[in-house]
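Here's the letter readout for the chains.
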2 protein chains.
Amino acid sequence: MGEPRIDRRRIRTRAALLRAGQTLFAERSVDGVSIDDIVAAADVAKGSFYNHFPDKDALARTLADQARLGAEALAARVGIGIEDPAERVARAVCGFARQALENPESARLGQRLFHSAAIPDAPMNAGVRADIQAGLAAGRFGGVSLEAAVLLAVGVVQMAVSRVVEQGSPAHAAALAQDLAFGLLRALGVETPAARTVATRAATDLFNGPPL
Amino acid sequence: MGEPRIDRRRIRTRAALLRAGQTLFAERSVDGVSIDDIVAAADVAKGSFYNHFPDKDALARTLADQARLGAEALAARVGIGIEDPAERVARAVCGFARQALENPESARLGQRLFHSAAIPDAPMNAGVRADIQAGLAAGRFGGVSLEAAVLLAVGVVQMAVSRVVEQGSPAHAAALAQDLAFGLLRALGVETPAARTVATRAATDLFNGPPL
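Residues numbered from 1 in each chain as written. Chains lettered and ligands numbered in written order. Predicted model: local features only at pLDDT ≥ 70, side-chain atom pairs only at ≥ 80, totals over all residues. Heavy atoms only, no water.

1. With respect to the overall build of chain A
Now for step 1: If you tally the helices and strands in chain A, you get 10 helices and zero strands.
Now for step 2: Moving toward the C terminus, one meets the helices and strands of chain A in the order α-α-α-α-α-α-α-α-α-α.
Now for step 3: Principal axes of the C-alpha set define a box for chain A whose edges measure 65 × 35 × 35 Å.
Now for step 4: Buried positions account for 50% of the 212 residues belonging to chain A. (Helix = DSSP H or I, 4+ residues; strand = E, 2+ residues; numbered from the N terminus. Buried < 20%, exposed > 50% of the residue type's maximum accessible area, 1.4 Å probe, protein only.)

The following block contains the structure:
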């Protein structure tokens, strides 16, 4: 009877530490947060911290891994059943903007903890890279190198997230995501009328309906 | 005779503190650098720090202001005598990429210290905003809102700088800047052939010749 209770407490403590880290690292750099800050916010004894993480950086890495997996899962989720690479890319832009609207704290955490976003062949960019490669191969995109195309997409997503976190009204976020997705599609070589149709549909789909 | 010597020493000390701050803040967050680190790197007594700056954040703010002014001056310099908004925007992208190639440390410092880049009407975006406004008014750009257009331009510049700092070969930087400028122009509504011509000329101009 003893062990399950200890297990539940361990799980609760770990979850409280992760939540506290998420909140604090969203506000300040990792260097600006102490273990004392984290255990105070989590309301656990300092010694408990070390039962779960060897140091603060290990907690930050765990949160960064969670955020990255969450971003990959989101990109995959919004692309389920969608074949057209242009539509997949536009839906990813709108999906990240919608998520930043619903959960600005985890968006801020991602902005702080993702350092490899500008590396086109980083694992976290594998999804968008595959979509762009497919679009270039199929002639849906053209005129631009794979490297530049991935960087354009990553830059657009980062700007969408930053601006939505900053500004934050739902109507503004939907209109901005649509505009940015449209701009990205044109950058990738989609003609204006088609880019407009695809971006409008993506924003409509991703902003009407429950949070992602 | 005494005062000038003290003045020269003051100026040298201040410059040494700014240089040390620039190097350290390019590597780590402001929270991750102590005043002890700064005075050690500057090779000055700790008390001297407080003759120049009330605290570490004041030194960081001074460096951020210098970096911002440097960025504004760069954008203005590469646009001297250039009327066409498309050409001005393409030259800015290539100019920042070239500068990141020549001076990765100050590029990293800017990336760390600029927090308002995703705000279209922030003072530091006034130049690009004016160019895009002019381009929209003249019909050189179209189909995209001013806000989205400024964010697209800022996102492209940030990606160019991040990737050049990361990767760093001159030939790669020139080709990437050209590709990204081309993509940005298409995003802003410039037709593919014109976007290609303008981006190629901008990259050729900005990467051949002395550092900016």
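2. What to know about the environment of G95(A)
Residues and elements named next belong to chain A.
Now for step 1: Turning to its location among the elements, G95 is positioned in helix α5 (residues 85–102).
Now for step 2: For the pair formed by G95 and P211, sequence separation is 116 residues and the distance between their alpha carbons is 9.4 Å.
Now for step 3: Leaving out residues up to four positions away in the same chain, G95 has contacts with L74, V78, L206 and L212. (Contact = heavy atoms within 4.5 Å.)

3. With respect to the pattern of salt bridges
All names here are of chain A.
Now for step 1: If you walk through the whole model with that rule in mind, you get 20 salt bridges over all chains.
Now for step 2: Residue R88 is joined to D131 by a salt bridge in which the shortest nitrogen-to-oxygen separation is 2.7 Å. Pair noted here: R88 is in helix α5 and D131 is in helix α7 (residues 126–137), with a separation of 43 residues, a long-range link.
Now for step 3: Overlapping salt bridges, with partners in common, bring together E27, R28 and D37 in one network. (Salt bridge = Lys/Arg side-chain N within 4 Å of Asp/Glu carboxyl O.)

4. Comments concerning the domain arrangement of chain A
Residues and elements named next belong to chain A.
Now for step 1: As far as domains go, chain A holds domain 1 (2–53) and domain 2 (64–207).
Now for step 2: Placing the centre of domain 1 and that of domain 2 at their C-alpha centroids yields a distance of 32 Å.
Now for step 3: With nine residues of domain 1 at the interface, the matching set in domain 2 holds seven residues.
Now for step 4: In total, domain 1 and domain 2 occlude about 690 Å² of area from one another, counting both sides; carbon and sulfur atoms represent 55% of this.
Now for step 5: Of all residues in domain 1, Q22, F25 and A26 give up the largest surface area on contact with domain 2, accounting jointly for 65% of the area buried on that side.
Now for step 6: Applying the counting rule to domain 1 against domain 2 returns zero salt bridges.
Now for step 7: Across the side of domain 1 that touches domain 2, the residue classes break down as four nonpolar, three polar and two charged. (Domains from an automatic or database assignment. Buried area = accessible area lost by both parts, 1.4 Å probe. Nonpolar A, V, L, I, M, F, W, Y, C, P; charged D, E, K, R; others polar.)

5. Some remarks on the interface of chain A and chain B
Now for step 1: Opposite the 33 residues of chain A that make contact, chain B presents 33 residues.
Now for step 2: Summing the contributions of chain A and of chain B, the shared interface buries around 2600 Å²; its carbon and sulfur component is 59%.
Now for step 3: It is M159(A), R163(A) and R186(A) that lose the most area in chain A upon contact with chain B, and together they represent 23% of the buried surface on that side.
Now for step 4: Where chain A packs against chain B, one counts two salt bridges.
Now for step 5: As a salt-bridge pair, E147(A) and R163(B) come within 2.8 Å of each other at their nearest N and O atoms.
Now for step 6: Elements that contribute at least two residues to the side of chain A that touches chain B include exactly α8 (146–167) and α9 (170–187) of chain A.
Now for step 7: By residue number, the principal contributor to the side of chain A that touches chain B is α8(A), which donates 12 residues.
Now for step 8: The residue inventory of the side of chain A that touches chain B, partitioned by class, reads 15 nonpolar, 11 polar and seven charged.

6. Considering the relation of the copies chain A and chain B
Now for step 1: In screw terms, the move from chain A to chain B is a rotation of 180° and a rise of 0.0 Å along the axis, fitting with an RMSD of 0.0 Å. On this basis, the relationship between the two copies can be described by a two-fold rotation axis.
Now for step 2: When the interface residues of chain A are mapped onto chain B, 100% of them again lie at the interface, so the same face is used by both copies. (Least-squares fit on C-alpha atoms with pLDDT ≥ 70 in both.)

7. Quick notes on a positive patch on the surface
All names here are of chain A.
Now for step 1: Taken together, the side chains of R5, R8, R9 and R12 make up a positively charged region of the molecular surface.
Now for step 2: Within the secondary structure, R8 is located in helix α1 (residues 2–27).
Now for step 3: Judged by relative accessible area, which is 48%, R8 ranks as partly exposed. (Patch = residues over 30% accessible without salt bridge, like charges linked within 9 Å, V, L, I, M, F, W, Y side chains within 5 Å. Areas by Shrake-Rupley, 256 points an atom, 1.4 Å probe, with all protein chains shown as cover. Lys, Arg positive; Asp, Glu negative; His and termini not counted. Charge placed at Lys NZ, Arg CZ, Asp CG, Glu CD.)

8. A look at the packing of aromatic side chains
Centre distance and the angle of the planes are the two values used to describe a pair of aromatic rings.
Residues and elements named next belong to chain A.
Now for step 1: The full count for this structure, using the stated rule, is four aromatic pairs over all chains.
Now for step 2: Their ring planes at 75° and their centres at 5.4 Å tell us that F49 and Y50 sit as a pair that is edge-to-face.
Now for step 3: Each ring, one from F49 and one from F53, has its centre 5.8 Å from the other, and the planes form 45°; the classification is tilted. For the pair F49 and F53, a shared accessibility class is recorded, and that class is buried.
Now for step 4: Through successive ring pairs, a cluster of aromatic residues spans F49, Y50 and F53.
Now for step 5: The ring of F182 carries the charged tip of R196 above its face, separated from the ring centre by 4.2 Å. (Phe/Tyr/Trp six-rings, centres within 6.5 Å; stacked < 30°, edge-to-face > 60°. Lys NZ or Arg CZ within 6 Å of the ring centre and 35° of its normal.)

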